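Understanding the architecture of this molecule
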Amino acid sequence: MPADFNTTVAQMVCNDDSVGAWVCVSDPFDTFEILRGIIESIKKENCVKPSNVDVLANQVKEILIRKKYLLVLDDLWNEDTEDWGKLKRFIDCGGLGSKILVTTRSQRVASAVGSSVYNLKKLSDEVCWSFIEKKLSSQGGAVLTPEMTSIGKEIAEKCDGLPLAANSLGSLMCSRRDESYWLSIVNDINRLRGTSEHKKVISILKLSYDNLPSPLKQCFSYCCIFPKDWKINREMLIRLWMAEGFLLPSVGGENISLEEIGNEYFEHLVWSSFFQDVQESVISGDSVVTCKMHDLVHDLALSVLDCNEFGITKVKDGKEQVSDVRRLQLQFDGGRRMTSPNVLLNAMKLRTIIAVQPENFSHVNSFFRHKCLRILCPLGYWVGCSLSRGFDRQICSASPISKLKHLRYLDLSFIDLSREVSLSHSYNLQTLILVGCENVPSRFVSKIGSLKSLRHLDISYSDIKFIPENIGSLEHLSCLDVSNTQISKLPDSITRISSLKILKFDYCYYLDALPIELGALTGLRRLNLIDTNIQELPESCITNLCNLEIVRLGWECELPKEIKNWPKLRIFTL
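Here is a short report on the structure shown in this document. Computed from a prediction, not measured in an experiment: that's the story for all the values here.

With that settled, consider a nonpolar patch on the surface. A surface patch of nonpolar side chains, amounting to about 340 Å² of accessible area, comprises Leu559, Ile563, Phe572 and Leu574. Position of Leu574 among the secondary structure elements: in the segment after β18 (571-573).

Have a look at this one:
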C-alpha cells in the first residue's frame, strides 16, 4: 500500500493523547537519527546529540522504560532483519500494553519486522471519485454535465485506489472544466498500462506539474532542495524563492509585493496537492505555517531538474561530483563537525547552499569562497542550539563574506560575531537572519542601514541592544523581528519604512514606549506587544493603522477605547 494511505491511517490512529512518539524513518535507515527522533517527538524539543548510538539509546530507555506508549515508525524501507533487531532492542522496553506500529510500502520490510501484518486495502473507485468531487465543488463553477460526471468517474477508476493520485487529478481537472480536456487525461493515463505503481503515480503527478505556469514549475522543483519528509517553513520557502529570483509580478500587478506573490504561489501548490501535512497557526494568524512533500512528489521534483541544477553531498566523504552544481544540499552526517571543508573547493558555479543539521559551523568561512553565492541557509538542529555548549561558531576575521556582492539570503544564526564581519558589498542582500548571535559589534549593527535591498531582518534572541537610526533608509523592508532582545527604544526613523508589514518586538522587556508617529506605517499588519513594558499605544496607531490584522497587547498596555479604524482586524488579544 502506498505510504500516503498507510501514513494517513496511522495518523488517524494516533490522534489520541496517549501517543508517545511519531518518527518518519524513510531511507536510509539510521539508528542514531531514529533514536534522536523518538526523543524529540516525546519531549517536543531539540535533542542534545551525544557522541554515539549507545549513549542515545540509554536516553531513550530512560524515557520509555516501564511506561505504556505507542511508538509509530512511519514509512520504513530497510529489509535488514539485523538492523531492525538492533533498533528493537533499544526501544522494546515499555510497560504492559506498549505497542510499536510500523508503516511500510514493502512486503519484505513487513516480513523483516516479523510481527503481525495488516495489509490495508486500496480506496474504492467511489471514494476516489468523492475526493475528486470535493476538489471540483470547492472551486465552484458550472454544474457538471452527465457526460463530464461519467468521464470523471472513469478517471477515478484509473487512480488505482491511491488518494495522492485522486487529489492530484482532482486539482488538474479543476484547471479546465471541459470534456475534451478530461478525455485527454483519460488517454494519458491509458498509456500507463503495464507500468509499476510507483511509475504510474509519478506520471499522474507529472500531468499536474505540466499544467503549472512556468514560474510555479520552478518554485515546485526547487523544493527538492529540502530532505525528504522535511517540515518546510512557508515563510522561509517564500524568502528562498525570492532570493532565487523566482517570484515574478503579473502584468498590471506592480503594487503587489514579492511576499504576496510568493504566498499566491505557495497556496497554488498546496491546492494542487504538491504539499501535504499542512499545519496552521491560530496564534500567528498564518493560514499555513509548515508543510511537507510526499516522497513521490519529492521524486517528481528531482526528476524534472537538470543534473547540474541540484546536487546532494555529505560532508563526511564528499565523493559526489559537485563541481558544476548550482544548488547543493550539504548533509552534515547527523550533525557532526564539518571535517572536510575542501568538499566544495571546486564548486565554482555554486549559488545556493542548504546545510542540513550542521551542529557545528566551525568551517563556515569555507562557504564564502564562492563569489556567485546567493543563498546560505542552515536547516534544522543547530538553529535551536545554544552558544554555551562550547562549539566554535566564530567567523574568522579574514572572512571573505564582504566580497559576496550577489548574496541575497544569509543566515548566521547562533554565530559568535565578536570578530570583524563586513557586509559592505552585499548590497543585494534581501534576507539577513542573526537569531541568537552573540557579541555582535556595534559597528556591524550600525551598517545594517546600508543594505538597501533588505526585505527581512531577524535579530531575535541576539544580544543586539539597539536598532540603528539609519534603518529608516531600508525602503523595501517588509519584516523586522527584534523579539526577545534587550532593545529599549525604537528609532523614530522606523516610521519612514512604508513597506513594513510585520513588526515583532514581543518579549522585549526593556521596551516601554513606541515612536509617536508609528501610525505612519499604514501597511502594518501585525503588532505584538506581549511582555513589553508599553502601557499605551500612540494615538497615531489607533487612528491610522487601517491594515492591522493581528494585535496582541501586553499586560501593562491600556485597552484602546476605539478600534473602528482597524476594519481588517482578525485576531485581538489582551
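Here the focus is the pairing of strand β9 (residues 352-356). Across the five residues of β9, five count as buried, placing the element largely inside the fold. Burial along β9 is two-sided: Thr352, Ile354 and Val356 and Ile353 and Ala355, pointing in opposite directions, are all buried. As paired strands, strand β8 (residues 327-331) and β9 are joined by five bridges and run parallel to one another. Considered in β9, the bridge of Gln331 is made with Val356.

With parallel pairing, twelve strands are arranged side by side in an open sheet as β7-β8-β9-β10-β11-β12-β13-β14-β15-β16-β17-β18. Looking at which strands have only one partner, the edges of the open sheet turn out to be β7 (310-314) and β18. For this sheet, the mean angle separating the axes of adjacent strands, direction not counted, is 10°. Pairing geometry for strand β17 (residues 550-552) and β18, over three bridges, is parallel. Across the sheet, residue Val551 finds its bridge partner in β18, namely Phe572.

Time to look at the pattern of salt bridges. Under the criterion given, the structure shown has 19 salt bridges. The salt bridge involving Glu259 is made with Arg455; its shortest N-O contact spans 3.1 Å. Note that Glu259 is positioned in helix α13 (residues 258-271) and Arg455 in the loop between α15 (442-446) and β13 (456-458), a separation of 196 residues in sequence. Judged by relative accessible area, Glu259 falls into the buried class, the value being 18%. Here Arg326 and Asp306 are joined by a salt bridge, their closest N and O atoms 3.9 Å apart. In this pair, Arg326 is assigned in the loop between β7 and β8 and Asp306 in the loop between α14 (295-303) and β7, connecting sequence segments 20 residues apart. Because the salt bridges share partners, they merge into one network encompassing Glu244, Asp306, Glu309, Arg326 and Arg327.

Right, let's talk about the side chain of Thr485 for a bit. Along the polypeptide, Thr485 turns up in the loop between β14 (479-481) and β15 (502-504). Leave out the neighbours within four places in its chain, and Thr485 touches Ile459, Ser460, Tyr461, Ser462, Ile464, Tyr507 and Cys508.

Turning our attention to the nonpolar core. Within the largest apolar cluster, 74 residues are counted, with the highest numbers of intra-cluster contacts made by Ile155, Phe220, Phe226, Leu240, Trp241 and Phe275. In contact with Trp241, not counting residues within four places along its chain, are Cys219, Tyr222, Cys223, Phe246, Leu247, Gly262, Tyr265, Phe266 and Leu269. Grouped together as the second largest cluster of nonpolar side chains are 66 residues, Leu328, Leu434, Leu537 and Trp566 included.

The subject of this paragraph is the sheet that holds strand β6 (residues 290-292). The three strands are arranged β4-β6-β5 in an open sheet whose pairing can be described as antiparallel. The sheet is open, and its two borders are formed by β4 (232-233) and β5 (276-279), each paired with just one other strand.

Contact geometry of helix α8 (residues 163-175) with helix α10 (residues 197-210) gives a least axis separation of 9 Å together with a crossing angle of 20°. By the angle between their directions, the pair α8 and α10 is classed as roughly parallel. As α8 runs across α10, the sense of the crossing is left-handed. Taking contact as the criterion, the partners of Leu164, Ala165, Ser168, Leu169 and Leu172 in α8 are, on α10, Val201, Ile204, Leu205, Leu207 and Ser208.

The next point concerns unusual backbone geometry. At Ser273, a position not held by glycine, the phi torsion is positive, near 70°. Take Ser273: it is sitting in the loop between α13 and β5. The exposure class assigned to Ser273 is buried, which follows from its relative accessible area of 11%. Within the chain, Asp531 stands out as a residue other than glycine whose phi angle is a positive 55°. Looking at the element boundaries, Asp531 is found in the loop between β16 (526-528) and α16 (539-544). Its relative accessible area of 25% is what places Asp531 among the partly exposed residues.

Here is what the cut-offs are and how they apply
Residues numbered from 1 in each chain as written. Predicted model: local features only at pLDDT ≥ 70, side-chain atom pairs only at ≥ 80, totals over all residues. Heavy atoms only, no water. Patch = residues over 30% accessible without salt bridge, like charges linked within 9 Å, V, L, I, M, F, W, Y side chains within 5 Å. Areas by Shrake-Rupley, 256 points an atom, 1.4 Å probe, with all protein chains shown as cover. Salt bridge = Lys/Arg side-chain N within 4 Å of Asp/Glu carboxyl O. Helix = DSSP H or I, 4+ residues; strand = E, 2+ residues; numbered from the N terminus. Buried < 20%, exposed > 50% of the residue type's maximum accessible area, 1.4 Å probe, protein only. Pairing = 2+ DSSP bridges. Axes fitted to C-alpha atoms, helices over the stretch in contact; angles between N-to-C directions. Contact = heavy atoms within 4.5 Å. Core = buried A, V, L, I, M, F, W, Y, C linked by side-chain atoms within 4.5 Å. Parallel < 35°, antiparallel > 145°, perpendicular 65-115°, else oblique. Left-handed = near helix turned anticlockwise from the far one by under 90°.

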